[in-house]
Amino acid sequence: MSQESTSIWRALSNETASAVEKVAPAVVAVHGRRRIPSSGVHWKPGIVVTADHTISRDDEITITLPDGANAAATLAGRDPSTDIAILKVDAQIGAGKLPVAEFGDLSTLKAGHLVLTAARTSEGEPRASLALVGVVGPAWRTWRGGTIDVTVRLDRNLHPNFSGGPVVGSDGRVLGMATSGLSRYGAVVIPSGTVDRVTAELEKKGHIGRGYLGIGMAPVRIPRQLRESLKLSQDTGVLVMGVEAESPAEKAGVALGDLFVTLDGSPVRDTDDVQSLLSGDRIGKPAKASIIRGGALTELAITVGERPIG
């Protein structure tokens, strides 16, 4: 190996080690499941963020601090749809033992960039892994209905206790939370902006409010003659297969066999279109639905409810 190559290798090694040293003081091990712990980040004073899928119990949760000591933590809220859970810890821990993480700018991240994932063992030792950013893209919806503000996927799977730990840029600043709980095809990064948004609501309510109409739905193709007679530009709509008693949909007069084609002016072509229009900020507000009933277009106003928990 040439002297120049050795120098580059040494510089890269020193930079990655420095990045780990910078973030490690804010990283904890989280004991919320059997055997292998997950990891967490001291996101804001007294709040540790971790991956929801690694928390299998609601109490008797502890964290391991950087000095190896254990401390009690209380589950303060969880959102399976974004795989985020927050734990409350004694704010006094932060007095020198557990500083809050520093955050970087994820908007500068590109496919091909190198990032670090960090974790902590049960004994308090820091761990790190180098990963390549494989995909950077637009916002996406998880298979559980949560919205992730930016798509960031890594080119590798996480080690067993890395879920819930930070994803770190070259400057040692946190870009987001790593998780293996939202994809079977490799690690996903939950951007820090998404974590901030979800954490703020979890602190207030303990859960994330989801809009709710109370209908069973299935996408269906609209017959060509009906599309032409109603002057519709879309090929499919969402057929009402069931209406829950006392639900917002029933109260608005939605009936079996109704075919949704728009909701608040946005085309409804499949069930994902409906779900994407039922964000938490829509709860309690009216939504104007355009439906096909008896071969004619009808409009109904539905006041969006909040999806029951459980």
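Details of the structure are given in the entry above.
This is a predicted model, so every value here is computed, not measured. Note that residues are indexed from 1 along each chain, following the sequence as it is written. Per-residue local features of the predicted model are confined to residues with pLDDT of at least 70, and side-chain atom pairs are confined, for both listing and counting, to 80 or more; whole-chain, interface and lining totals are unaffected and use all residues. The basis for every side-chain value is the complete set of heavy atoms in the structure, and neither hydrogens nor water enter the calculation.

### Some thoughts on empty space enclosed by the protein
Consideration 1: The rule is simple: put a 1 Å grid over the protein atoms alone, call a set of points where a 1.4 Å probe fits but cannot get out a cavity, call an open set with protein on both sides within 12 Å along at least five of seven lines a pocket, and count a residue as lining if it has an atom within 4 Å of a point. Grid points are joined across faces, edges and corners, and a volume is the space filled by probe spheres set on the points. Summed over the entire model, instances satisfying the criterion amount to one cavity of 30 Å³ or more.
Consideration 2: Taken as a whole, the largest cavity holds about 40 Å³ of empty space.
Consideration 3: Forming the walls of the largest cavity are Thr-117, Ser-129, Ala-131, Leu-154, Arg-156, Asn-157, Leu-158, His-159 and Phe-162.
Consideration 4: Of the residues that constitute the lining of the largest cavity, the class distribution is four nonpolar, four polar and one charged. As a working rule, the residues Ala, Val, Leu, Ile, Met, Phe, Trp, Tyr, Cys and Pro are called nonpolar, Asp, Glu, Lys and Arg charged, and the rest polar, with Gly in that last group.

### Details of the side chain of Thr-121
Consideration 1: Secondary structure elements follow DSSP: runs of H or I no shorter than four residues count as helices, runs of E no shorter than two count as strands, and numbering proceeds from the N terminus. Tracing the backbone shows Thr-121 in the loop between strand S7 (114-120) and strand S8 (126-137).
Consideration 2: Three exposure classes are used, based on accessible area relative to the maximum for each residue type with a 1.4 Å probe and protein chains only: buried under 20%, partly exposed in between, and exposed over 50%. A relative accessible area of 16% means that Thr-121 is categorised as buried.
Consideration 3: Any two residues whose heavy atoms approach within 4.5 Å at even a single point are treated as in contact. Setting aside residues no more than four positions away along its own chain, Thr-121 makes contact with Ala-29, Thr-64, Arg-127 and Asn-161.

### Focus: the sheet that holds strand S4 (residues 61-64)
Consideration 1: Read around the closed barrel, the six strands follow the order S1-S2-S3-S6-S5-S4; overall the barrel is antiparallel. Neighbouring strand axes in the sheet, compared pairwise and without regard to direction, differ in orientation by 45° on average.
Consideration 2: Fitting a line to C-alpha atoms yields each axis, with helices limited to the stretch in contact; the angle taken between N-to-C directions then spans 0 to 180 degrees. Across the sheet, helix H2 (residues 192-205) is in contact with strand S2 (38-44), strand S3 (47-51), strand S5 (70-79) and strand S6 (84-88); its angle to S6 comes to roughly 55°. We treat two strands as partners when DSSP finds at least two bridges between them.

### So, the pairing of S6
Regular strands place their side chains on alternate faces of the sheet.
Consideration 1: In terms of burial, S6 is largely enclosed, as four of its five residues are buried.
Consideration 2: Pairing of S3 with S6, which is carried by five bridges, proceeds in the antiparallel orientation. Across the sheet, Ile-47 pairs through a bridge with Lys-88, a residue of S6.
Consideration 3: Here S5 runs beside S6; their pairing, made up of five bridges, is antiparallel. By the bridge assignment for S6, Arg-78 is matched with Ala-85.
Consideration 4: The hairpin formed by S5 and S6 contains four residues between the paired strands, and Asp-83 there has a positive phi angle of roughly 60°.

### Side note on the layout of surface pockets
Consideration 1: Approximately 660 Å³ is the volume found for the largest pocket.
Consideration 2: Lining the largest pocket are 29 residues, with Asp-79, Ser-81, Ile-208, Gly-209 and Arg-210 positioned closest to its centre.
Consideration 3: Every element with two or more residues in the lining of the largest pocket is listed here: S5, H2 and helix H5 (271-276).
Consideration 4: Among the residues making up the lining of the largest pocket, the classes are represented as six nonpolar, 13 polar and ten charged.
Consideration 5: In terms of lining residues, the second largest pocket is bounded by 18 residues, among which Leu-114, Val-168, Gly-169, Ser-170 and Asp-171 are the most central.
Consideration 6: Within the residue set of the lining of the second largest pocket, elements represented by two or more residues are helix H1 (3-23) and S7.
Consideration 7: Looking at the lining of the second largest pocket, the element that brings in the most residues is H1, giving four residues.
Consideration 8: Here the residues of the lining of the second largest pocket are counted per class, giving nine nonpolar, six polar and three charged.

### Let's talk about the side chain of Ser-81
Consideration 1: With respect to the helices and strands, Ser-81 occurs in the loop between S5 and S6.
Consideration 2: For Ser-81, a relative accessible area of 5% gives the class buried.
Consideration 3: A polar atom in the side chain of Ser-81 sits 2.8 Å from the side chain of Asp-79.
Consideration 4: Excluding its chain neighbours within four sequence positions, the residues that come into contact with Ser-81 are Thr-142, Arg-144, Gly-145, Gly-146, Leu-182 and Arg-210. For this analysis, a polar contact is any N or O atom pair within 3.5 Å, provided that within protein one partner can donate a hydrogen and the other can accept it, and provided that sequence-adjacent residues contribute only side-chain to side-chain pairs.

### Thoughts on the nonpolar core
Consideration 1: Nine residue types can take part in a nonpolar core, namely buried Ala, Val, Leu, Ile, Met, Phe, Trp, Tyr and Cys, and a core is a set of them joined through side-chain atoms within 4.5 Å. Residues Val-49, Ile-84, Met-177, Ile-190 and Val-195 are the most contacted members of the largest nonpolar core, which totals 27 residues.
Consideration 2: Going through the elements one at a time, H1, S2, S3, S6, S7, strand S13 (174-179), strand S14 (188-191) and H2 are the ones with two or more residues in this core.
Consideration 3: Leaving out residues up to four positions away in the same chain, Val-195 has contacts with Trp-43, Val-49, Ile-84, Met-177 and Ile-190.
Consideration 4: Ranked by size, the runner-up nonpolar core spans 18 residues in total, among them Leu-213, Ile-215, Phe-260 and Ala-289.

### Some points on the pattern of salt bridges
Any two side chains of opposite charge can pair, given that their charged atoms come close.
Consideration 1: The salt bridge definition used is simple: a Lys or Arg side-chain nitrogen within 4 Å of an Asp or Glu carboxyl oxygen. With the rule as written, the count across this model stands at 14 salt bridges.
Consideration 2: The partner of Asp-79 in a salt bridge is Arg-210, with the nearest N and O atoms 3.2 Å apart. You can see Asp-79 sitting in strand S5 and its partner Arg-210 sitting in the loop between H2 and strand S15 (211-212), a full 131 residues away along the chain.
Consideration 3: For Glu-102, the salt bridge goes to Arg-173, with nearest N and O atoms at 3.1 Å. Taken together, the residues Glu-102 in the loop between S6 and S7 and Arg-173 in the loop between strand S12 (166-168) and S13 connect sequence positions 71 residues apart.
Consideration 4: Counted as one network, the salt bridges with shared partners bring together Lys-22, Glu-102, Asp-171 and Arg-173.

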